[in-house]
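Geometric and topological summary
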Amino acid sequence: DCSRKSFLHAPSSLPSNITGLDLSFNSLVIPHHGTLLMHFPSLRSLNLSSNALLALGPAVFSSLGALRLLDLSSCSITYLHADAFKGLGNLHTLLLRNNSLQELEVPFFLPLKALFHLDLQHNALVSVDALSLQLMEAVPQVRLEGNPWVCDCTVYPLQQWLQHRQAVQVTCASPPGLRGREVAALDSQDLGCQMKQRFPREVSTAQQITTTHSNTTTLPTGKGGRSWPYLVGFLLAAIGISILIALAAKCKLFHKNFASYRHRPLPETSSIGGSPMEDGSGWDRGSSGQEASKSNAMPGVADLQPEDDDGFIEDNYIQPSEQLP
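Below: a short report on this structure.

Reading the values: rules and limits
- Residues numbered from 1 in each chain as written.
- Predicted model: local features only at pLDDT ≥ 70, side-chain atom pairs only at ≥ 80, totals over all residues.
- Heavy atoms only, no water.
- Helix = DSSP H or I, 4+ residues; strand = E, 2+ residues; numbered from the N terminus.
- Contact = heavy atoms within 4.5 Å.
- Areas by Shrake-Rupley, 256 points an atom, 1.4 Å probe, with all protein chains shown as cover.
- Disulfide = S-S within 2.5 Å.
- Buried < 20%, exposed > 50% of the residue type's maximum accessible area, 1.4 Å probe, protein only.
- Phe/Tyr/Trp six-rings, centres within 6.5 Å; stacked < 30°, edge-to-face > 60°.
- Lys NZ or Arg CZ within 6 Å of the ring centre and 35° of its normal.
- Core = buried A, V, L, I, M, F, W, Y, C linked by side-chain atoms within 4.5 Å.
- Domains from an automatic or database assignment.
- Pairing = 2+ DSSP bridges.
- Axes fitted to C-alpha atoms, helices over the stretch in contact; angles between N-to-C directions.
- Salt bridge = Lys/Arg side-chain N within 4 Å of Asp/Glu carboxyl O.

Quick word on the overall build of the chain
Across its full length, the chain carries six helices and 13 strands. The long-range fraction of contacts in the chain, counting pairs at least 24 apart against all pairs at least 6 apart in sequence, stands at 55%. Carbon and sulfur atoms make up 56% of the accessible area of the chain, which totals about 20,000 Å².

Comments concerning the state of the cysteines
The final tally for this structure, using the stated rule, is one disulfide. Each disulfide pairs two cysteine sulfurs, and for Cys151 the partner residue is Cys172, the sulfurs being separated by 1.8 Å. Between Cys151 and Cys172 the disulfide shows an S-S torsion of about -95°. By sign, it is left-handed. Highlighted residues: Cys151 in the loop between β9 (149-150) and α2 (156-165) and Cys172 in strand β10 (residues 172-174), separated in sequence by 21 residues. In terms of burial, Cys151 and Cys172 fall into one category: buried.

A closer look at the packing of aromatic side chains
Aromatic ring pairs are defined here through the distance separating the ring centres and the angle between the ring planes. Summed over all chains, the structure comprises three aromatic pairs. Ring pairs connect the aromatic residues Phe61, Phe85, Phe108 and Phe109, which therefore count as one cluster. In this structure, Arg4 is placed above the aromatic ring of Phe25, and the distance from its NZ or CZ to the ring centre is 3.8 Å.

Quick word on unusual backbone geometry
Following Ser174, the chain continues into Pro175 via a peptide bond in cis, with omega recorded as -5°. For Pro175, the position within the fold is in the loop between β10 and α3 (188-191). One non-glycine residue with positive phi stands out, namely Arg4, at about 55°. Looking at the element boundaries, Arg4 is found in the segment before β1 (20-22). According to the relative accessible area criterion, Arg4 is exposed, its value standing at 59%.

What about the nonpolar core?
The nonpolar side chains of a soluble globular protein tend to be buried with one another. Residues Leu46, Phe61, Leu70, Leu72, Phe85 and Leu94 are the most contacted members of the largest nonpolar core, which totals 60 residues. Of all the secondary structure elements, the ones that give two or more residues to this core are α1 (130-136) and α2. Mapped onto the domain boundaries, this core takes at least three residues apiece from domain 1 (1-115) and domain 2 (132-194). If we ignore the near neighbours within four places in the chain, the residues touching Phe61 are Leu36, Leu46, Leu48, Leu56, Leu70, Leu72, Ala84, Phe85, Lys86 and Leu88.

Here we look at the sheet that holds strand β6 (residues 93-95)
Hydrogen bonds along the backbone pair up the strands of a sheet, which may run parallel or antiparallel. The strand order across the open sheet formed by six strands is β1-β2-β4-β6-β7-β8, and the pairing between neighbours is parallel. Strand pairing shows two members of the sheet lacking a second neighbour, β1 and β8 (141-143), which therefore form its edges. For this sheet, the mean angle separating the axes of adjacent strands, direction not counted, is 0°. Where β1 lies against strand β2 (residues 45-47), three bridges are found, and the strand directions are parallel.

A short note on the environment of Leu133
Note on placement: Leu133 falls in helix α1. For Leu133, a relative accessible area of 0% translates into the label buried. The spacing of Leu133 and Trp161 is 28 residues in sequence and 7.2 Å in space, taken between C-alpha atoms.

A closer look at the pattern of salt bridges
Counted by the stated rule, this structure contains two salt bridges. For the salt bridge of Asp119 with Arg97, the shortest nitrogen-to-oxygen distance reads 2.7 Å. Here Asp119 is found in strand β7 (residues 117-119), whereas its partner Arg97 is found in the loop between β6 and β7, with 22 residues between them in sequence. Judged by its relative accessible area of 32%, Arg97 falls in the partly exposed class. Glu145 serves as the salt-bridge partner of Arg143, at 3.3 Å between the closest nitrogen and oxygen. Classification of Arg143 as partly exposed rests on a relative accessible area of 31%.

Right under this line is the structure:
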């Protein structure tokens, strides 16, 4: 028990095989580079609470591989380096209550494979990202009470996580209309946003949560919002099909018109029993007999008239044997 001794460093006179050390309420200086208490590799319990540590550098506890309990409560910690707990693969309990943490760096959870109890009460956390919640899913006991949670769309992953764990007493600090309300009891209408996807029990990545808040859409590279490539593909396919149909119709019309011009006039034949000038419009019913006799008397007159070589044959002429009386 070395608490309340105004130590700046751990006393060097301690035996190296000690398993428990209480250095609370001192003035310890955390090295920016290097490790803390590197001469005590057998430590299983370390209490550093109520020291003004402010920030934890990378791998500051890496020499304490046997550590099971680490108490960093009330140390005014504002920042945790991503590798702050590197080497603590056997840590069972981590106490970070009564600090000033505003956010959680996701990688700092990764070395804590054996973590069972995590205490984050009474910090300055306003939200937690989905990937941090996923990693905390493997921690049986997590305490989040006393943080100033902002209950808008950003708290939706936390709300779903709390509902899954049946956690209570995690309440909203803002907005004023939701102050004091339990986060787990809120719904999408209370949060004022439209949810695109529910928070799954086992989240593979932080990209699976999509929320839309007023005119802002937050897409942590999720699956939501991938419909526009299908729309573009559909439009391109429709345009391509329309062009193909138009080309096919045009080609068909071209062949039709081309075939209509491939005609030849019929061979010229002598008009027998009538002339091309004869048609039904100039035929007088009253004098039909006289006209027919004139046509028989002068067969050469019709031959002298120019024939219409438009390729059509008139079939309204009268044979000499069909002369009208």
